[in-house]
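Report on the structure
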Amino acid sequence: MSTSPVALVTGAATGIGKATALAYAHAGCDVVIADINSERLKQLAHDIQEIGVDALAVTTDVSDIEQVNALHEKIMAHFGRLDYACNNAGIEGENAPTGESTLENYDRVMNINVRGLYACMQAQLKIMEKQGKGAIVNMASVAGLIGFPGLPAYCASKGAVVQLSKTAAVEYAEKGVRVNAVCPGAIKTEMIDRITRQDPETEKQFAALHPMNRMGTSEEVANAVLFLTLPSSSFITGQMLAVDGGMVAR
Ligand SMILES: NC(=O)c1ccc[n+]([C@@H]2O[C@H](COP(=O)([O-])OP(=O)(O)OC[C@H]3O[C@@H](n4cnc5c(N)ncnc54)[C@H](O)[C@@H]3O)[C@@H](O)[C@H]2O)c1
């Protein structure tokens, strides 16, 4: 049983998820990290323990309901509680316009980004409702607020994350559980590197999408996730916080 707050991050092995897991650890939380990449999880668990808090690494594919349930059972067996969850695991899928994008891609993206997140949120809401408190932050995207050419399934998936977050926020508000989402702009991670192919010209075009004329960092997103989960945001639920250098304000 843990006396510190316990925070779960899915898709924690790299990028935004990794930065969020480290930020929770620096805030004094014990951290559960889940991802399909076991090797990277092992290294991150070690880094988190070096900070002086407990880390539990659980290899999990969020699109597999049995693995999702096993993850949440392990959390309760190890820590006996779950205070915060950041449902961050996601993929961008293939880059092709709507008319040419495949249904296989649609199914893959929706299975991980929406169905997987939904299954995680269901398990978390059951635990947090019993506790009478908890906070969930889902990783949406500006792609859930505005359209992006070449990423139809990804945009649809992030639009769904926005609506799942708002619905759960309204349903669980009186039960002490808050649900918010963050909507990052282009953040310099391996996902963006796959899309821009690290081509300096393409990276410049991505930077120019933001009034700040740069891409964001994983740490800047992690800071927003922490704000939305910690008690400092106790009267905030159902919000979609854009972390986008002003992109959707244009
Ligand atoms: N990078 C951006 O510009 C950006 C912008 C907006 C939103 N996002 C969202 O932020 C989240 C993290 O993105 P990132 O840029 O850090 O990407 P990333 O590719 O660097 O990291 C994603 C992590 O998710 C893990 N993952 C993938 N499929 C999984 C599955 N089925 N089960 C469990 N883990 C799985 C990967 O192994 C990886 O560790 C995603 O949901 C993404 O859609 C990213």
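Our structure is the block above this text.
Here's what I pulled together on the structure shown here. (Residues numbered from 1 in each chain as written. Predicted model: local features only at pLDDT ≥ 70, side-chain atom pairs only at ≥ 80, totals over all residues. Heavy atoms only, no water.)

What about the nonpolar core?
Tyr24, Ile33, Ile48, Val182, Val221 and Val225 are the most contacted members of the largest nonpolar core, which totals 33 residues. Looking at this core, the elements that each hand over two or more residues are strand 1 (6–10), helix 1 (15–26), strand 2 (30–35), helix 2 (38–51), strand 4 (84–87), strand 5 (134–139) and helix 8 (218–229). (Core = buried A, V, L, I, M, F, W, Y, C linked by side-chain atoms within 4.5 Å. Buried < 20%, exposed > 50% of the residue type's maximum accessible area, 1.4 Å probe, protein only. Helix = DSSP H or I, 4+ residues; strand = E, 2+ residues; numbered from the N terminus.)

Comments concerning the sheet that holds strand 6 (residues 177–184)
Pairing between the strands of a sheet comes from backbone hydrogen bonds, and it takes one of two forms, parallel or antiparallel. Read across the sheet, seven strands follow the order 3-2-1-4-5-6-7 without closing on themselves; strand pairing throughout is parallel. Strands at the two margins of the open sheet, each flanked by one partner only, are strand 3 (55–59) and strand 7 (240–243). Strand-to-strand twist of the sheet, defined as the mean angle between neighbouring strand axes without regard to direction, takes the value 15°. Pairing of strand 1 with strand 2 involves five bridges; the strand directions are parallel. The residue bridging Ala7 from the neighbouring strand is Val31, located in strand 2. (Pairing = 2+ DSSP bridges. Axes fitted to C-alpha atoms, helices over the stretch in contact; angles between N-to-C directions.)

Details of the pairing of strand 2
With six of six residues buried, strand 2 lies mostly within the body of the structure. With respect to chirality, the unit in which strand 1 leads through helix 1 into the neighbouring parallel strand 2 is right-handed. In the sheet, strand 2 pairs with strand 3 via five bridges, with the strands oriented parallel. Paired with Val32 across the strands is Leu56, a residue of strand 3. Handedness of the crossover is the feature at issue here: the chain leaves strand 2, passes through helix 2, returns alongside strand 3, and the resulting connection is right-handed. (Right-handed = clockwise from strand over helix to strand, strands pointing away.)

Digging into the site of the ligand
Taken together, 29 residues surround the ligand, and among them Asp35, Asn88, Tyr154, Ile187 and Thr189 come closest. Protein contacts shield 94% of the accessible area of the ligand, which totals 830 Å² for the unbound molecule. A total of four residues in the shell around the ligand trace back to one element, the largest contributor, which is helix 6 (residues 190–196). Class assignment of the residues belonging to the shell around the ligand gives a composition of 15 nonpolar, nine polar and five charged. (Near = heavy atom within 4 Å. Areas by Shrake-Rupley, 256 points an atom, 1.4 Å probe, with all protein chains shown as cover. Nonpolar A, V, L, I, M, F, W, Y, C, P; charged D, E, K, R; others polar.)

Don't take any of this as a statement about function, it's just geometry.
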